[in-house]
Amino acid sequence: MPTYEAPLKDYRFVLNDLIQIDRYANLPGFADAPRETVDAILEEGARLVQEVLAPLNQVGDREGCHFDQGRVTTPTGFKAAYDTYREAGWGALTADPAYGGQGLPHVIGMMVSEMMCSANMAFAMYPGLSHGAYAAIHAHGTDEQKQMYLPKLVSGVWTGTMNLTEPQCGTDLGLMRTKAEPQGDGSYRITGTKIFISAGEHDLAENIVHLVLAKIPGGPAGIKGVSLFIVPKFLINPDGSLGARNGVACGSIEHKMGIHGNSTCVLNYDGATGYLVGEAHKGMRAMFTMMNEARLGVGVQGLGVAEVAYQNAAIYARDRLQMRSLSGVKAPDKPADPIIVHPDIRRMLMTMRAFTEGARALALQTGLLIDFSLRHPDAQARRDADDLVALLTPMLKAYLTDSGFETTNLALQCYGGHGYIQEWGMEQFVRDARITQIYEGTNGIQALDLVGRKLPMHMGRLLRQFCHPLDRFIRENSADPAIGKTYVLPLARAFARFQQATAWIAERGLARPDEAGAAASDYLKLFALVALGHVWAQMAKVAGEKLAQGADDRAFYEAKLVTARFFMERMLPDTAALQAKIQAGAESMMALPADAF
Amino acid sequence: MGAAPGIARVAVIGSGVMGAAIAAHVANAGVPVVLLDIAAEGADRSKLAKGAIDRLLKTKPAPLMHPSFARRITPGNLEDDLGLIAACDWICEAIIEKVEIKRALYQRLQTVRKPGSIVSSNTSTIPLAELVRGQDPGFAADFAITHFFNPPRYMRLLEVVGGAQTRADALAALRRFGDETLGKEVVAAKDTPGFIANRIGIYWSVTAMEAAFDQGLSIEEADAVVGRPMGVPKTGIFGLADLTGLDLGPHVVGSMLKLLPKSDAFVTAYRPDHPLNALTARLIADGYIGRKGKGGFYRDRGKEVLDFATGTYRPVVPAELDSVKAAKSGLKALVEHPDKGGRYAWTVLSRVLVYAADLVPEIADDILAVDAAMRCGYAWKEGPFQQIDRLGSGWLAEKLKAEGRPVPRLLEIAAGRPFYKIEGGKALYLTPGGDYAEIPVAPDAWTLADKKRGRERIAGNRSASLWDIGDGVACLEIHTKMNAIDGDVIALVAQAAKIDKRGYKALIIGGDADNFSVGANIGLGLFAANLALWPVLEGGIAEGQSAYMALKYAPFPVVAAPARMTLGGGCEICLHSDAVQAHAETYMGLVEAGVGLVPGWGGCTELVIRATLNKKRPGGPMPPIAQVFETISTAKVSASAAEARDLLLLRPGDGITMNRRRLLADAKARALALAADYKPPAPVEINLPGATARAALDMAVEGFVRQGKATAHDKVVAGALAKVLSGGDTDITRSLKEQDIMALEREAFVSLLKTNATLDRIEHMLETGKPLRN
């Protein structure tokens, strides 16, 4: 059985050494999270996920959810685990204190999310979706709606869902058919079929708050005519107690490649009572405000699964004895050397490690930016943070899940044939991670969002918050004797490639959209590598300073420096290939007629 | 500029809106003008004309190109000052539209005007034959109608109508004066009701409004169709009515109905009981006479609109018509579109085109006059016959036939052939006789298109081209959107500076585009700045500087021919030319400060050198620097070429051309004159005071910030500018070369680009078209 140990040391490094979160004690909520409190929260969280959630991961995978006449039963132990989670108040961690939340910084919540996804991604999705529903109602609901739904979602007494997909409408929500007819009393009758609804029906909570996109008849055609509704599984009485069953029923659950412990439902709405959230026909706008968070959340899922896969691969590589080292026997007392001596195993381990540690730092920096964008007293700082979050979000979603999946695959590879055997648990990580590349907007869509929407927005303004600090960092540190040559110069070269590729896309893509579309996925990867390069260079700088100051945990900081160097030398150079691919243009990609395929 | 021989002094009688504005425009042309109105009661019997001149100075858009030109207008009254007319070569009457009063005035004029002087009326509704009835034959020979459009400074059309007895040389003198001196597009019209432009324009207006109502379009929808998609100003038809005044409508329609033959389509189609008439009458009665009143079809600055169904105002709902989107691929796509916008467009366009086609040769000898009148009098992008060519004359005839409508004779004569065509390098038009004739191009009045026809460019890229315009002169044309300057333009400027190697002896810079140039393409710059592509931006600045310097020191003369917007990098092209021949309507300025920058292509350098070496300046190094500092830091833009002189953007020797169609010819003539015995300018050096001047400028800005007249970032921008203009780290004893000051420009430019506030300004300008005050 796989094991998991929360990477608390790395969290502390990012929070205290890299981000230096103490500097932001002036922001609302941050003062409530001094170092000791954060430590306690992380340790409590680690205990929960290691002791309660991780042991259920394989159980959930083997048992899956069960559907019987509209009811869905979650795997053995999920209900009890959810009760433990709920009673400890984990759902309230970053939520608004006005509705029973603790108001802690988002960046703290992100670490807890990562741990939960490492331990049991299928389970983590239940509260994750509640948080999505919470965010939508919090941003766009009326006061009455907030009072009615938020406290229960925050406490976890109820859970939430997001209903977008329909059989004929996946990425293209303009094709939506579910309709919402006004009832004259302010409510709507919702009729239609939604599919792929995670946590759509289950036995964990007494009520489920469905957030449903639907079209009001007579509204604008396509995506501009979509509105957002709250449709509770049980209607709510004026006193807050549960009333009649609403006209929404689970028709079946899907049989999936992974995340078996999460119920993925077909939901049939048959004249269900729904309540408009925000303005009519502005449903997509309401969705988009929470999309950043949801997409980052999926990125963190990719990271979480990658982390646990890596940990097990590293343990296995130290234990498993096969062959002798190419450079001579390393364990003469044993029949063979542990496979960790082999360069190719090292290649895989270092690649995984450089990814997870870099991605974690980048995700947490972004989490902090979300806090800035919501809580910073200075409007300009809020806008700047919002710009950068908007730019980074599609990249983090796609890159963390693509590389997360790739990491689970590498981890499985380290196991050789055992990786392919269920009992070892490695193939579950591969299967579970695979969905993260698909849902919440496929990674191809993320790349299009980056290139088609985020780059041109305000004539490249979003880029400014990424490029200017990076440009300054390079200028200020390229001559630094400690990090200049090893870390900053490779970064400077990669950044120049990124600038050239961006300018190329801006020039070509404007005239020929297919060029931008063809470049998008490679461009996203190029962007991700440069962003990771920046964060790795920053980490190298901090680690070097810590070592110079005589920090206690020398091994930890030295490992950071080595991993940073590995990233610069063995991962960042991919930017050259990516730039070449991007600037090769769309021609060979688009030349063949459709019937030649 | 200046008077064409024959008319050296002008009188305008009637100081109402039109009369005063015509007088102003004569003054704009540098011609002294007498403005007379009836004698007022009281001490100052000339107060009507004097009041009119005062109003000219306050009216927006300004009828005068420079406030000082008001002094060229001599006010007076018809009792005491009629004698002033004796010295005038042309007397333009612009009094009330009452035939008896006009005739009485003419009789008085006869007693004082000098022999051979010309009298004209600006009437728009009274036939010439009526006006001269009963006057003596000598008067009729000297009399014509000169019909200006409001506002006369800005509307390019001048319809000149001669009567049966009018002297040919009098008409020729008027046309020439109108064309060369006043800069108007002079169209020969006949003595028919409404002449050309109003005859078609009023029919168009009534048709478009009634059809909108009849076919169930909202006002917004109608204006979205009869606007840009149909090649007319974006105000649309109802917006235009608000602009000109609803109260005017019934008068002009009434006079047309009275004057036109009963068989005219205008009269036969007119429905006095159309509900729109009652609605308009009610609006007028309630004071909703358009923008000059409480509102009209729109009110509250265009936020609310009249709803035909309820007769009340409601919030504007932007029109969503597929036909309007389809119009991007052409007029035909619009009228063929099946939605209500397309059907409406077809109704309006087909009626108007048929009406116009039926009127040649009744109201004009040829289609050229009709098309020119509609372009210049109603600001249509293309005249009716150009529009027919867009549809195809055969297609239009077939479609009319299919709908059972009569086909105009001229359309049958065309028999499927186009009204205009290019053949053998010549531009031809279809005469009413059915033959093609060459569109005449005068040797001293042409467009670049006339020179380009049938030729390959000498060199060029996607943003700019070099053309051979004959006599060893080349023309550099910019053809980007709004003539913005990008890297390709700069590259071609650099190439143009070596055009002597290809045997050319002079270069002019200009073209047919509306604007000379709105300046550098800041969109590209902003994207690059956001990307932190500093080396690229620095390189762009340096390349522009060296290209412009190459122009300045080229071994042949360079003459810039700016017109309309000539801003930023476009203005800097002019600053580096040996001479400028500017269109009178040239709006020039170094506007970089508006987007948080300083001029970087030598604008600061050239202007500070110009000011410092200006012999008329008061002594000491500070006044010239302060003047340039004010011009650039407040992003001043001249409202005319005349005003550009005040800002030193035009030098005393630079010329001004009133008629846009003569601009390039004048520039070419200037270039050829300079080419004889040309020597490039000698490089100059100046001494600038350095830190002391900079401190003084900074202090002045600090004062403005304290008074709330300047923002925090204004201070940053002005500080960067002060450093450049004061010469950086220099002192008055050191001589600075142009390159030294340009290095300061580059440094200031890039340092400002690295500030958020400058990038926000650029972004705001690009997204809203307005400056951001941050």
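Section: the domain arrangement of chain B
Residues and elements named next belong to chain B. Each domain of chain B was delimited in the assignment, giving domain 1 (10-189), domain 2 (197-360 + 378-421), domain 3 (448-591 + 638-673) and domain 4 (596-636 + 682-774). Of the residues lining the interface, 10 residues belong to domain 1; the matching set on domain 3 comes to 8 residues. Considering each element in turn, the side of domain 1 that touches domain 3 owes the most residues, 3 residues, to helix H6 (residues 168-181).

Re the confidence of the model for chain B
Confidence in the prediction of chain B, expressed as mean pLDDT, is 95, and 99% of residues score 70 or more. Predicted complex metrics record ipTM = 0.91 and pTM = 0.87.

What about the environment of Leu306 of chain B?
Inspection of the secondary structure assignment puts Leu306 of chain B in strand S10 (residues 304-306). As for Leu306 of chain B and Ser218 of chain B, which are separated by 88 residues in sequence, their C-alpha atoms are 8.6 Å apart.

Details of the environment of Leu243 of chain B
Residue and element names in this part refer to chain B. By the element assignment, Leu243 lies in helix H9 (residues 236-244). Judged by the 13 C-beta atoms lying within 10 Å of it, Leu243 falls in the partly exposed class. The spacing of Leu243 and Ile289 is 46 residues in sequence and 9.2 Å in space, taken between C-alpha atoms.

Overview of the interface of chain A and chain B
Residue-level contacts link 13 residues of chain A with 12 residues of chain B. At the level of elements, helix H12 (461-477) and helix H13 (484-511) of chain A are the ones that each hand at least two residues to the side of chain A that touches chain B. Tallied by class, residues from the side of chain A that touches chain B come to 5 nonpolar, 5 polar and 3 charged.

Considerations on the sheet that holds strand S6 (residues 143-148) of chain B
All names here are of chain B. With mixed pairing, the 8 strands of this open sheet are ordered in space as S3-S2-S1-S4-S5-S6-S7-S8. Strands with a single pairing partner mark the edges of an open sheet, and in this sheet they are strand S3 (73-77) and strand S8 (185-189). Strand-to-strand, the axes of this sheet are offset by a mean angle of 25 degrees, without reference to chain direction. Pairing of strand S2 (residues 33-37) with S3 involves 5 bridges; the strand directions are parallel. Paired with Leu35 across the strands is Pro75, a residue of S3.

Cut-off values and rules
- Residues numbered from 1 in each chain as written.
- Chains lettered and ligands numbered in written order.
- Predicted model: local features only at pLDDT ≥ 70, side-chain atom pairs only at ≥ 80, totals over all residues.
- Domains from an automatic or database assignment.
- Contact = placed C-beta atoms within 7 Å.
- Helix = DSSP H or I, 4+ residues; strand = E, 2+ residues; numbered from the N terminus.
- pLDDT = per-residue confidence, 0-100.
- Buried ≥ 20, exposed ≤ 12 C-beta atoms within 10 Å, placed from the backbone.
- Nonpolar A, V, L, I, M, F, W, Y, C, P; charged D, E, K, R; others polar.
- Pairing = 2+ DSSP bridges.
- Axes fitted to C-alpha atoms, helices over the stretch in contact; angles between N-to-C directions.

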